[in-house]
Amino acid sequence: MANWPALAALVARAGRPLVVEALRAWADEKRGSDEVGDEAACARWCAARLARLVEPSQRRVFNLTGTVLHTNLGRALLAEEAIAAAVEAMRSPTTLEYDLADGGRGERDDHVGPWLHRLTGAEAACAVNNNAAAVLLVLAAMAQGREVIVSRGELIEIGGAFRIPDIMARAGCRLVEVGTTNRTHLKDYAEAIGPDTAAIMKVHPSNYAVTGFSKSVSAAELVPLAREKGLPVIEDLGSGTLVDLETWGLPHEPTAREAIEAGIDVVTFSGDKLLGGPQAGLVVGRRDWISRIARHPMKRALRLDKVRLAALEATLRLYADPARLVERLPTVRALARPAADIRAIAERLLPVAKRAFAKAGVAVAIEESRGQIGSGALPVDLLPSFALTLRGKKLDGLAAALRGLPIPVIGRIADGALWLDLRTLDDEAAFAAQLDGRDVVAV
Ligand SMILES: *Cc1c(COP(=O)(O)O)cnc(C)c1O
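Report follows, based on the coordinates. Computed from a prediction, not measured in an experiment: that's the story for all the values here.

Analysis parameters
Residues numbered from 1 in each chain as written. Predicted model: local features only at pLDDT ≥ 70, side-chain atom pairs only at ≥ 80, totals over all residues. Heavy atoms only, no water. Helix = DSSP H or I, 4+ residues; strand = E, 2+ residues; numbered from the N terminus. Expected span 1.5 Å × (residues − 1). Buried < 20%, exposed > 50% of the residue type's maximum accessible area, 1.4 Å probe, protein only. Contact = heavy atoms within 4.5 Å. Polar contact = N/O pair within 3.5 Å; in protein donor to acceptor, adjacent residues only side chain to side chain. Salt bridge = Lys/Arg side-chain N within 4 Å of Asp/Glu carboxyl O. Near = heavy atom within 4 Å. Phe/Tyr/Trp six-rings, centres within 6.5 Å; stacked < 30°, edge-to-face > 60°. Lys NZ or Arg CZ within 6 Å of the ring centre and 35° of its normal. Patch = residues over 30% accessible without salt bridge, like charges linked within 9 Å, V, L, I, M, F, W, Y side chains within 5 Å. Areas by Shrake-Rupley, 256 points an atom, 1.4 Å probe, with all protein chains shown as cover. 1 Å grid on protein atoms, 1.4 Å probe; cavity = no way out; pocket = protein on both sides within 12 Å on 5 of 7 lines; lining within 4 Å. Points joined across faces, edges and corners; volume = space filled by probe spheres on them. Domains from an automatic or database assignment. Pairing = 2+ DSSP bridges. Axes fitted to C-alpha atoms, helices over the stretch in contact; angles between N-to-C directions. Core = buried A, V, L, I, M, F, W, Y, C linked by side-chain atoms within 4.5 Å.

**Describing helix α3 (residues 39-54)**
Its 16 residues place the ends of α3 22 Å apart at the C-alpha level, agreeing with the 22 Å of an ideal helix rising 1.5 Å per residue. Buried residues of α3: Ala41, Cys42, Ala43, Cys46 and Leu50, and no others. The elements touched by buried residues of α3 are α1 (5-14) and α2 (16-30). Measuring from the side-chain oxygen of the N-cap residue of α3 to the backbone nitrogen of Ala40 gives 3.2 Å; that N-cap residue is Asp38.

The following block contains the structure:
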């Protein structure tokens, strides 16, 4: 059967082993039927099966959830400069750990250290796989076998099983909890310090907010106490932006520079949250601590590859010109997009959406919507936006039909409508082209 002429094109496209596998499946399914020997039917069936098989498992989608940094949809989109740098690094040998000046060994962290110094004021920096890895490594290198003091108000869990008490245990540290869920005072930290204390840690409560009768101790208050006792202060900033979001009318989110200026010894944050780069965990701080962290055996297991380092370096370089960030960095562009611009996109898309959903019997409208930064940043602040809303019966089926499009569209069902929030639409032309002339009906 594998030699049937009708299958030759398939063999050329997908290779012989996959075609043979498809033929076996065909033979199994049609065993005993007359159809089993039908060459044309078999070729069609195998072609359909192979088309499904060779489709990438990780697909491009339209993120219309309203969440700019959607963890399940891959968080930050890279800047063109970062994409180009990553592609170049993928294709060629690079000076990843090579010093061109003397032909000797170089340090991979040197590609990002000087930029992070310029952007945060920190003496030194290193980069690892993600921020969870950064926290794990920092704790293991600075406090293994000893105690770390954390406020009960900051014992966070973020998605994907990252819990501060668990990470602490995995790093071999003993967690000493102080204060209460809603209030922690400086004296709570002071009283917990003992001969076994290795560090005090602050964690940015990124995905929730304690409001009302609450009190936490700022870095500015904590640092003098730690200095007096000869202890380092670690801060996990989570998103840790490099620029003040207030520039674009957004609420304040702590920056890495603020933490360093407040005297925090070691600060960790993510590369693919507000920073807008590839997945990475950044550790910045005092030179003596950073070199101890970089020399820890776990660093070798958590380090970044040349591709992500190239993308990260290119992303950091964009921050040297903050005035052009909106234009060059997709995360900042999405966050800074004025609601009026989003409304204009909605108005342009409304006619094509109305036509595409006419057969589904749903009402398409433009409505004010509220988006989120996502990935833990500013949990309680919602970004004013506009959405196309689809109202009608069978919303689940309609959402499934949108997910079934060639470029799946991911929206959000709330208040009796399917919301397609347009703040995060990155390619309006492709979105319109996909809907144009197509009937989308609930499945
Ligand atoms: C997101 C986050 C992390 C984990 O960062 P990843 O880069 O996803 O590993 C850790 N701590 C805080 C406070 C966070 O917000």
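**Let's talk about the pattern of salt bridges**
Considering all chains together, one arrives at 30 salt bridges under this definition. Where Asp28 meets Arg31, a salt bridge forms, and the shortest distance between an N and an O atom there is 2.4 Å. A relative accessible area of 63% means that Arg31 is categorised as exposed. Here Arg257 makes a salt bridge to Glu261, at a shortest N to O gap of 3.9 Å. Linking Arg257 with Glu261, this pair stays in helix α10 (residues 256-261), spanning 4 residues, or about one helical turn. Taking the relative accessible area as the measure of exposure, Glu261 reaches 60% and is therefore exposed. Each of Glu97, Arg105, Glu107, Arg108 and Arg303 takes part in a single network of salt bridges with overlapping partners.

**Examining the site of the ligand**
Residues in close proximity to the ligand total 13 residues, the closest being Ala132, Ser206, Asp236, Ser270 and Lys273. Between the ligand and Asn131 there is a distance of 3.0 Å, counted from an oxygen atom to a backbone nitrogen or oxygen. Those elements that place two or more of their residues in the shell around the ligand are α6 (131-143) and β10 (233-238).

**Regarding the packing of aromatic side chains**
Taken as a whole, this structure holds 2 aromatic pairs when the rule is applied. With a centroid separation of 5.3 Å and an interplanar angle of 90°, the aromatic rings of Phe62 and Phe431 are classed as edge-to-face. With Phe62 in strand β1 (residues 62-63) and Phe431 in helix α18 (residues 428-435), the pair connects residues that are 369 residues apart, well separated along the chain. Overall, the relative accessible area of 0% leaves Phe62 in the buried class. Assessed through its relative accessible area of 2%, Phe431 is described here as buried. Across the ring face of Trp115, the terminal group of Arg118 is positioned such that the distance to the ring centre comes to 4.8 Å.

**Quick notes on a nonpolar patch on the surface**
On the surface, a nonpolar cluster with roughly 240 Å² of combined accessible area is contributed by Ile83, Val87 and Met90. Examined against the element boundaries, Ile83 turns out to sit in helix α4 (residues 80-91). Residue Ile83 is classed as partly exposed on the basis of its relative accessible area of 34%.

**Focus on the side chain of Lys202**
For Lys202, the position within the fold is in strand β9 (residues 197-203). Classification of Lys202 as buried rests on a relative accessible area of 8%. Excluding residues within four positions of it along the chain, Lys202 makes contact with Glu154, Val217, Ser218, Ala219, Leu222, Ile234, Glu235 and Asp236.

**Observations regarding the layout of surface pockets**
Roughly 900 Å³ of internal volume is contained in the largest pocket. Taken together, 29 residues make up the lining of the largest pocket; nearest its centre are Leu73, Arg75, Ala76, Leu77 and Asp426. With 4 residues, the single largest contributor to the lining of the largest pocket is helix α15 (residues 330-336). When residues of the lining of the largest pocket are sorted by domain, at least three fall in each of domain 2 (62-72 + 336-435) and domain 3 (80-328).

**Some points on the sheet that holds strand β14 (residues 383-391)**
Pairing within the open sheet is antiparallel, and its 4 strands lie in the order β13-β14-β17-β16. Each having just a single partner strand, β13 (363-371) and β16 (412-414) make up the two edges of the open sheet. In this sheet, adjacent strand axes meet at a mean angle of 40° when their direction is disregarded. The pairing of β14 with strand β17 (residues 417-421) spans 4 bridges and is antiparallel. Residue pairing for β17: Leu388 is matched across the bridge by Leu420. Contacting β13 and β14, helix α16 (residues 339-357) runs over the sheet at an angle of about 10° to β14.

**Thoughts on the nonpolar core**
Phe269, Leu312 and Leu316 are the most contacted members of the largest nonpolar core, which totals 46 residues. Considering each element in turn, this core owes the most residues, 5 residues, to helix α9 (residues 219-229). Residues Met168, Ala198, Val283 and Ile293 belong to the second largest nonpolar core, which totals 34 residues.

Scope: geometric values only; no functional claims are made or implied.
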